[in-house]
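Per-entry structural report
Single-letter residue listing:
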Amino acid sequence: MNTSRSFCVAVCGASGAVGTEMVSILEERHFPVANLKLLSSERSAGECLTFCGDDIRIEELNRNSFAGVDVALFSAGSEVSRDFAPAAVEAGAVVIDNTSAFRMEPDIPLVVVEVNPEDIARFHQRGIIANPNCSTIQMVVVLKPIEDAAKIRRVVVSTYQSVSGAGRGGIRELESQSLAVFNLKEIVCGHFPRQIAFNCLPHIDVFQDDGYSKEEHKMIDESRKILHRPDLKLTATSVRVPVFFGHSEAMNVETERKLTAEEVRRLLSKAPGVRVIDDIQNDLYPTSIDAVGIDDTLVGRIREDPSVDCGLDLWVVADNVRKGAALNAVQIAERLVEHHL
């Protein structure tokens, strides 16, 4: 990073899966932190996280928590963001929010750094930058080079989303149900509406009146906003699968101009944040396990769709907690402090 300044950073929701990953990534990427404040609910207050060799105690979040804070990373749920992000802005911080609270508000930029970093400059309007949904992030990182090369006509995407997308409660439920199956015990559902162990649920977030889930609408609406394509035809089916970490997506993309599979491989091989793993002769393609702990979005099974004139099929995988949430937020913060603060 090209900055000589250091900043007071707050992580709101520091005890959660994404919050702890944010703290780790801030350290890994040597973000210029002068002071780190860890904030969470009363339940987690008093716990400690290690940052650069120091144990930092988590404080209980309140409206006075943001005094002196320059950048506040929020990942504590939409209600918390709606309640406390304005207080953080009023105290002088720029908020980077990982929830759905502000994503579709027209005066708040929704940013994936590899796709639309120029939108960060609009943070002045509200003092808030929104971090997209995890499944949206990995999709638009791959769509952007294709859009620039051939303009996208239509996208059909089906997701296979890990339980960590539902937080620590989702992880615990898959663990407990898997043990129950092996030990012939009763399956208890709490976090998910149906059994997730050894099962697939076409149900993420709540269903809307049109039959789509809220998760599916997020992917559609957010992608249009990020790509600056309000006319983009996109449909999604979101499925929860019994995988702990890593979201996978099967994407069918129709373009205005024909691209061959080899052209797409070359495009994506040069794209920021993308890694192509596509050698089917040697059974090389990305899987959820391959993506865990990796910054890049992985792409394979690239092939032409013969059912339409300009169609492509791709398989896209990313670490949903890392790139799909924490890393993208820190990347926004890096760009923010380097170019705008």
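As the structure is a prediction and not an experimental result, all values here were calculated from the model. (Residues numbered from 1 in each chain as written. Predicted model: local features only at pLDDT ≥ 70, side-chain atom pairs only at ≥ 80, totals over all residues. Heavy atoms only, no water.)

1. A closer look at the packing of aromatic side chains
Here is the rule we go by: Working definition: rings of Phe, Tyr and Trp (its six-membered ring) pair if their centres are within 6.5 Å, and the pair is stacked with planes under 30 degrees apart, edge-to-face with planes over 60 apart, and tilted otherwise. When accessible area is computed with a 1.4 Å probe and restricted to protein chains, residues below 20% of their type maximum are described as buried, those above 50% as exposed, and intermediate ones as partly exposed. What counts as a helix is a DSSP run of H or I of at least four residues, what counts as a strand is a run of E of at least two, and both are numbered from the N terminus.
Counted by the stated rule, this structure contains three aromatic pairs. Ring centres of phenylalanine 66 and phenylalanine 74 lie 5.7 Å apart, and the angle between their planes is 20°; this geometry places the pair in the stacked category. As far as the burial class goes, phenylalanine 66 and phenylalanine 74 line up, both buried. For the pair tyrosine 160 and tryptophan 315, a centre-to-centre distance of 5.6 Å together with 50° between the ring planes defines the contact as tilted. Here the residue tyrosine 160 occupies a position in strand β8 (residues 152-161), and tryptophan 315 occupies one in strand β13 (residues 311-318), the gap between them amounting to 155 residues.

2. Considering the side chain of aspartate 119
How we decide: In this analysis, two residues are considered to be in contact whenever any of their non-hydrogen atoms come within 4.5 Å of each other.
Mapped onto the elements, aspartate 119 comes out in the loop between β6 (94-97) and β7 (128-130). With residues up to four places along the chain from it excluded, the contact list for aspartate 119 reads Pro109, Leu110, Val111 and His228.

3. Structural notes on the packing of helix α1 (residues 17-28) against helix α8 (residues 322-339)
Let me state the cut-off plainly: Each axis is a line fitted through C-alpha atoms, and for a helix only the stretch in contact is used; angles between axes span 0 to 180 degrees, taken between their N-to-C directions. What sets the label is the angle itself: under 35 degrees gives roughly parallel, over 145 gives roughly antiparallel, 65 to 115 gives roughly perpendicular, and the rest give oblique. For any pair of crossing helices, the crossing counts as left-handed if the nearer helix is rotated counterclockwise from the farther one by less than a right angle, and right-handed if it is rotated clockwise. Asp, Glu, Lys and Arg are counted as charged, while Ala, Val, Leu, Ile, Met, Phe, Trp, Tyr, Cys and Pro are counted as nonpolar; the rest, among them Gly, fall into the polar class.
At a minimum axis separation of 9 Å, α1 and α8 run at an interaxial angle of 50°. Taken as axis vectors, α1 and α8 run oblique relative to one another. Between α1 and α8 the crossing geometry is right-handed. Between α1 and α8, the contacting residues are Val18, Glu21, Met22, Ile25, Leu26 and Glu28 on the first element and Arg322, Ala325, Ala326, Leu327, Ala329 and Val330 on the second. Of the residues assigned to the contact of α1 with α8, the class counts are nine nonpolar, no polar and three charged.

4. Examining the packing of helix α3 (residues 134-150) against helix α5 (residues 214-226)
With their axes 9 Å apart at the nearest point, α3 and α5 run at an angle of 40° to one another. Classed by the angle they form, the pair α3 and α5 counts as oblique. Where α3 crosses over α5, the handedness of that crossing is right-handed. Between α3 and α5, the residues in contact are Ser135, Thr136, Met139 and Val140 and Glu215, Lys218, Met219, Glu222, Ser223 and Ile226, respectively.

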